[in-house]
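Each chain, letter by letter, is given below.
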Amino acid sequence: MTNCGKPVGFAEVKAILDLLVQGREDNLSFVHGDAFGWADKAMLVSAVARPFGADPAFRLIDPSLVGVGRAKETNIYIALTAGIGGFERMPFGGPYATPEQLALIAEWIDNGMPD
Ligand code: HEM
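Remember, predicted model here, so these are calculated numbers, not experimental data.

**Q** With reference to specific residues and values, describe the coordination of the iron atom of the ligand.
**A** Coordination of the iron atom of the ligand by the protein comes from His32 (NE2) and Met90 (SD), over a distance range of 2.1 Å. Around the iron atom of the ligand sit 6 donor atoms, and with donor-metal-donor angles ranging over 80 to 179 degrees the site reads as octahedral. One end of the pair, histidine 32, is in helix H2 (residues 25-32); the other, methionine 90, is in the loop between helix H4 (75-81) and helix H5 (99-110), with 58 residues separating them in the sequence.

Right, here's the structure in full:
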């Protein structure tokens, strides 16, 4: 999925993630820890989700899975599609990402997470 042949960029991915957590921003670092977020690309690259009150924490995007056709194995993708580590699908309680939004996130990761 591309817009006029332009590859998906960080801004589009950020917009999707922002929409998914809309109205619940204030709780996110409380729930997932301070290392969770996507204010900019660097933050998303290093982001970790600590499940509320539990261990272990999950790195959202393992760099070894970027740009190699393995986006669907990243923790962010698994969390947003099925839930990871026995935790519920995210965002908790929904509404969940649409298939189109998920495809766009996966495409971006498989493209090497371009700006
Ligand atoms: C990658 C691993 C992740 C794990 C293990 C995880 C786990 C959890 C857990 C355990 C909760 C608390 C549920 C409760 O209140 O009982 C939670 C809440 C939540 N998570 Fe995640 N999460 C992950 C990633 C994500 C991602 C990528 C997003 C969004 C893009 C997200 C969005 C949310 C939201 C919006 C809440 C509810 C916050 C609130 O309003 O209290 N999570 N998550």
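**Q** Give me the lowdown on the site of the ligand, citing residues and values where you can.
**A** The ligand sits among 22 residues. The nearest are Arg24, Asn27, Val31, His32 and Met90. Between the ligand and asparagine 27 there is a distance of 3.3 Å, counted from an oxygen atom to a side-chain nitrogen or oxygen. Here a nitrogen atom of the ligand and a side-chain polar atom of histidine 32 are 2.7 Å apart. More than half of the atoms of the ligand fall within 2 Å of the grid points belonging to the largest pocket.

**Q** Quick rundown of the packing of aromatic side chains? Include the residues and the values.
**A** The description of an aromatic ring pair uses the distance of the two centres, along with the angle that the planes make with each other. Summed over all chains, the structure comprises 4 aromatic pairs. Here phenylalanine 36 and tryptophan 38 contribute two aromatic rings whose centre-to-centre distance is 5.3 Å and whose plane-to-plane angle is 70 degrees, an arrangement assigned as edge-to-face. There is no split in this pair, since phenylalanine 36 and tryptophan 38 are both buried. With 6.4 Å between their ring centres and 80 degrees between their planes, phenylalanine 58 and phenylalanine 87 make a pair best called edge-to-face. Of this pair, phenylalanine 58 sits in strand E2 (residues 58-59) while phenylalanine 87 sits in the loop between H4 and H5; the two residues are 29 residues apart in sequence, bridging distant segments of the chain. Owing to a relative accessible area of 15%, phenylalanine 58 belongs among the buried residues under this scheme. What makes phenylalanine 87 partly exposed here is its relative accessible area of 31%.

**Q** How would you sum up the side chain of histidine 32? Please name residues and give values.
**A** Residue class for histidine 32 comes out buried when judged on its relative accessible area of 13%. Those residues in contact with histidine 32, other than ones at most four positions away along the chain, are Val48, Ala49, Arg50 and Met90.

**Q** Could you give an account of the layout of surface pockets, with specific residues and numbers?
**A** By volume, the largest pocket amounts to about 670 Å³. Contributions of two or more residues to the lining of the largest pocket are made by helix H1 (10-20), H2 and H4. For the lining of the largest pocket, the residue count by class is 21 nonpolar, 3 polar and 2 charged.

Analysis parameters
- Starting afresh in each chain, residues are numbered from 1 along the sequence in its written order.
- Local features in this predicted model are restricted to residues whose pLDDT is 70 or higher, and side-chain atom pairs enter the listing and the counts only when it is 80 or higher, whereas totals over whole chains, interfaces and linings include all residues.
- To obtain the side-chain values, all non-hydrogen atoms of the structure were used and water was disregarded.
- Excluding water, the donors of a metal are its N, O and S neighbours within 2.8 Å, or within 3.2 Å for Na, K and Ca, and that exclusion means sites may look incomplete.
- Donor angles set the geometry label: tetrahedral for four donors if every angle is between 85 and 135 degrees, square planar for four and octahedral for six if opposite donors exceed 155 degrees and the others are between 65 and 115, irregular for anything else.
- Secondary structure elements follow DSSP: runs of H or I of four or more residues count as helices, runs of E of two or more count as strands, with numbering from the N terminus.
- We call a residue near a molecule or strand as soon as one heavy atom of that residue lies within 4 Å of the molecule or strand.
- Polar contacts, as used here, are pairs of N or O atoms within 3.5 Å; protein pairs need one atom able to donate a hydrogen and one able to accept it. Residues neighboring in sequence count only if both atoms are side-chain atoms.
- Cavity: a set of points on a 1 Å grid over the protein atoms alone where a 1.4 Å probe fits but cannot get out. Pocket: an open set with protein on both sides within 12 Å along at least five of seven lines, its lining residues, like those of a cavity, having an atom within 4 Å of a point.
- Assignment of a molecule to a cavity or pocket requires that more than half of its atoms lie within 2 Å of the corresponding grid points.
- Side-chain rings of Phe, Tyr and Trp, where Trp is taken by its six-membered ring, are said to pair if the distance between their centres is within 6.5 Å; with planes under 30 degrees apart they count as stacked, over 60 as edge-to-face, and otherwise as tilted.
- Burial here depends on accessible area, computed with a 1.4 Å probe over protein chains only, as a share of the maximum for the residue type. Under 20% is buried, over 50% is exposed, and the range in between is partly exposed.
- Contacts were defined at the residue level, with two residues in contact if any of their heavy atoms lie within 4.5 Å.
- Grid points are joined across faces, edges and corners, and a volume is the space filled by probe spheres set on the points.
- Throughout this entry, Asp, Glu, Lys and Arg are counted as charged residues, while Ala, Val, Leu, Ile, Met, Phe, Trp, Tyr, Cys and Pro are counted as nonpolar. The remaining residues, Gly among them, count as polar.

Keep in mind these numbers describe shape, not what the thing actually does.
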